[in-house]
Amino acid sequence: MNRTEFIIATAIILFVAFALGWFANWLVHRFIRVSSSDVGELDRMAQELHEAEETRDQAITYLQQREAELTNQLSQSEAELRATMDGLREARQEAEQMRAYIDRMGQS
């Protein structure tokens, strides 16, 4: 192989390497390229996600407030029930005392 053939062979090999590199670069950019409509879609989805998170946070806040209100109402109802039960117990004791008094008066 003389000098001219070596130079031509080297030039062909370098050209083939360049062509393969260029093709690989084109192929990679072709597959990873993001179009403007895709970017718009991603922006829209990000906005919708943000709105959904805000709605979720508002719902959680509302549920926590509602739970606090219901817990307060339950506590008040339990306190009223205890007071009512105590009053009923006292009324039964008083009624029993009255029956015993009437029975003693009836026997005398």
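One can find the structure itself at the top, above this paragraph.
Below you will find a few notes about this structure. (Residues numbered from 1 in each chain as written. Predicted model: local features only at pLDDT ≥ 70, side-chain atom pairs only at ≥ 80, totals over all residues. Heavy atoms only, no water.)

Scanning the chain from N- to C-terminus turns up two helices and zero strands. For a compact globule of 108 residues, the expected C-alpha radius of gyration is about 13 Å, and the chain comes in at 45 Å, more than 25% above that figure. Dimensions of the chain along its principal axes, counting C-alpha atoms only, are 150 × 30 × 10 Å. Counting only residues that meet the buried cut, the chain has 0% of its 108 residues in that class. The chain carries 11 positive and 18 negative side-chain charges, and their two centres are separated by 4 Å. (Helix = DSSP H or I, 4+ residues; strand = E, 2+ residues; numbered from the N terminus. Rg over C-alpha atoms; globule rule 2.2 N^0.38 Å. Buried < 20%, exposed > 50% of the residue type's maximum accessible area, 1.4 Å probe, protein only. Lys, Arg positive; Asp, Glu negative; His and termini not counted. Charge placed at Lys NZ, Arg CZ, Asp CG, Glu CD.)

Between its terminal C-alpha atoms helix H1 (residues 3-32) stretches 43 Å, which fits the 44 Å expected from 30 residues at 1.5 Å a residue. For H1, the side-chain oxygen to backbone nitrogen distance between the N-cap and Thr 4 is 3.3 Å, and the N-cap itself is Asn 2. (Expected span 1.5 Å × (residues − 1). Polar contact = N/O pair within 3.5 Å; in protein donor to acceptor, adjacent residues only side chain to side chain.)

Moving on: the pattern of salt bridges. Applying the stated rule across the entire model yields six salt bridges. Arg 44 is the partner of Glu 48 in a salt bridge, and the nearest nitrogen-oxygen pair spans 2.5 Å. With Glu 48 and Arg 44 both in helix H2 (residues 36-107) and four residues apart, the pair spans about one turn of that helix. According to the relative accessible area criterion, Glu 48 is partly exposed, its value standing at 42%. The closest approach of N and O atoms between Arg 99 and Glu 96, which form a salt bridge, is 3.5 Å. Here Arg 99 pairs with Glu 96, and both are found in helix H2, just three residues apart, close to one helical turn. (Salt bridge = Lys/Arg side-chain N within 4 Å of Asp/Glu carboxyl O.)

Below, the discussion takes up the environment of Glu 80. As for its placement among the helices and strands, Glu 80 is situated in helix H2. Taking the C-alpha atoms as reference points, Glu 80 and Leu 49, separated by 31 residues in sequence, lie 46 Å from one another.

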